[in-house]
Amino acid sequence: MPACQPFALTRIADFARSLSRLHRMSHRRPVDDDAIDRAFNAVCQSIWGYTTDDFSDDLLSIADHAWLDTLDEAHARIFAAEHGYDLVDDNGMLADWWGYCWMILAEARGLLTPDNRAAARAAMEEKYLAAPNVIGVIVGR
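Below or above, wherever it landed, is the structure these notes cover.

Reading guide: rules and limits
Along each chain, the written sequence defines residue order, and numbers are assigned to residues from 1. Per-residue local features are limited, in this predicted model, to residues with pLDDT of at least 70; the limit for side-chain atom pairs, both in listing and counting, is 80 or more; totals at the level of whole chains, interfaces and linings are taken over all residues. Heavy atoms throughout the structure, all of them, feed into the side-chain values; hydrogens and water do not. Here a Phe, Tyr or Trp ring, Trp counted by its six-membered ring, pairs with any other such ring whose centre lies within 6.5 Å, and the pair is stacked when the planes are under 30 degrees apart, edge-to-face when over 60, and tilted otherwise. A run of H or I in DSSP becomes a helix once it reaches four residues, and a run of E becomes a strand once it reaches two; helices and strands are each numbered from the N terminus. Here, the term nonpolar core denotes a set of buried Ala, Val, Leu, Ile, Met, Phe, Trp, Tyr and Cys residues that are joined through side-chain atoms within 4.5 Å. Throughout, exposure labels follow a simple rule: accessible area from a 1.4 Å probe, protein chains only, divided by the maximum for the residue type, with under 20% read as buried, over 50% as exposed, and the rest as partly exposed. Residues count as neighbours in contact if any of their non-hydrogen atoms are within 4.5 Å of one another. Note on definitions: angles span 0 to 180 degrees between N-to-C directions of axes, and those axes are lines fitted to C-alpha atoms, for helices only across the stretch in contact. In this scheme, roughly parallel covers angles under 35 degrees and roughly antiparallel covers those over 145, while 65 to 115 is roughly perpendicular and the rest are oblique. Two helices that cross are described as forming a left-handed crossing if the nearer one is turned anticlockwise from the farther one by less than a right angle, and a right-handed crossing if clockwise. As a working rule, the residues Ala, Val, Leu, Ile, Met, Phe, Trp, Tyr, Cys and Pro are called nonpolar, Asp, Glu, Lys and Arg charged, and the rest polar, with Gly in that last group. Here, expected helix span is obtained from the residue count minus one, scaled by 1.5 Å.

## A few points about the packing of aromatic side chains
Inspection of every chain in the model, using the stated rule, returns four aromatic pairs. Arranged with centres 5.3 Å apart and planes meeting at 45°, the rings of W48 and Y85 form a pair that is tilted. Residue W48 is located in helix 2 (residues 33-48), and its partner Y85 is located in strand 2 (residues 85-86); the two are separated by 37 residues in the primary sequence.

Structure (structure tokens):
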């Protein structure tokens with residue numbers, strides 16, 4: 001893994017202001033999960049040009065899944081920094097740090113590709129079309 005270079009880190013918090021606001025708001029009143037998902041995807045799209053929906057979890061190895069399942073905030077911060085990202089904002093660790101680690105790992109494994117996006121979208125459409133009463137799937141970006 002590359003050496004940590006704090007001067008070169010991409011500060012994810014700079015892209016996640018709206019999402020962080022939604023999380024803070026959720027402590028006072030209910031916030032729609034879809035709104036949080038959309039805001040998280042917007043952050044990922046802004047940083048990587050991809051979201052967690054753009055690659056299959058199956059593309060990560062069993063060891064990667066095991067590592068992600070045991071990941072804690074301290075190790076996530078180190079991992080992210082080693083890959084050029086900062087998971088901290090002015091109030092501490094970002095609420096969605098684990099999801100960002102998925103994206104960082106996917107990037108490190110070379111999974112963020114147009115072919116993987118197309119395959120993931122096709123699998124998602126197939127799943128939805130298999131459901132009763134679904135006649136079409138509209139995908140927007």
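## Observations concerning the nonpolar core
Counting 35 residues, the largest nonpolar core has I12, W48, L87, Y100 and C101 as the members making the most contacts within it. Ignoring anything within four residues of it in the chain, the contact list for I12 reads V43, I47, W48, Y85, D86, L87, L94 and Y100.

## Looking at the packing of helix 2 against helix 5 (residues 97-108)
Relative to each other, helix 2 and helix 5 sit at 30°, their axes nearing to 11 Å. Judged by the inter-axis angle, helix 2 sits roughly parallel to helix 5. Classified by chirality, the crossing of helix 5 by helix 2 is right-handed. Across from F40, V43, C44 and W48 in helix 2, the residues of helix 5 making contact are G99, Y100, M103, I104 and E107. Residues of the contact of helix 2 with helix 5, tallied by class, amount to seven nonpolar, one polar and one charged.

## Some words on helix 2
For helix 2, spanning 16 residues, the distance from its first C-alpha to its last is 22 Å, which sits close to the expected 22 Å at 1.5 Å a residue. Within the sequence span of helix 2, burial applies to A35, I36, A39, F40, V43, C44, I47 and W48. On its buried face, helix 2 sits against helix 1 (17-26), strand 2 and helix 5. Among the residues trailing helix 2, G49 stands out with phi positive, at a value near 80°.

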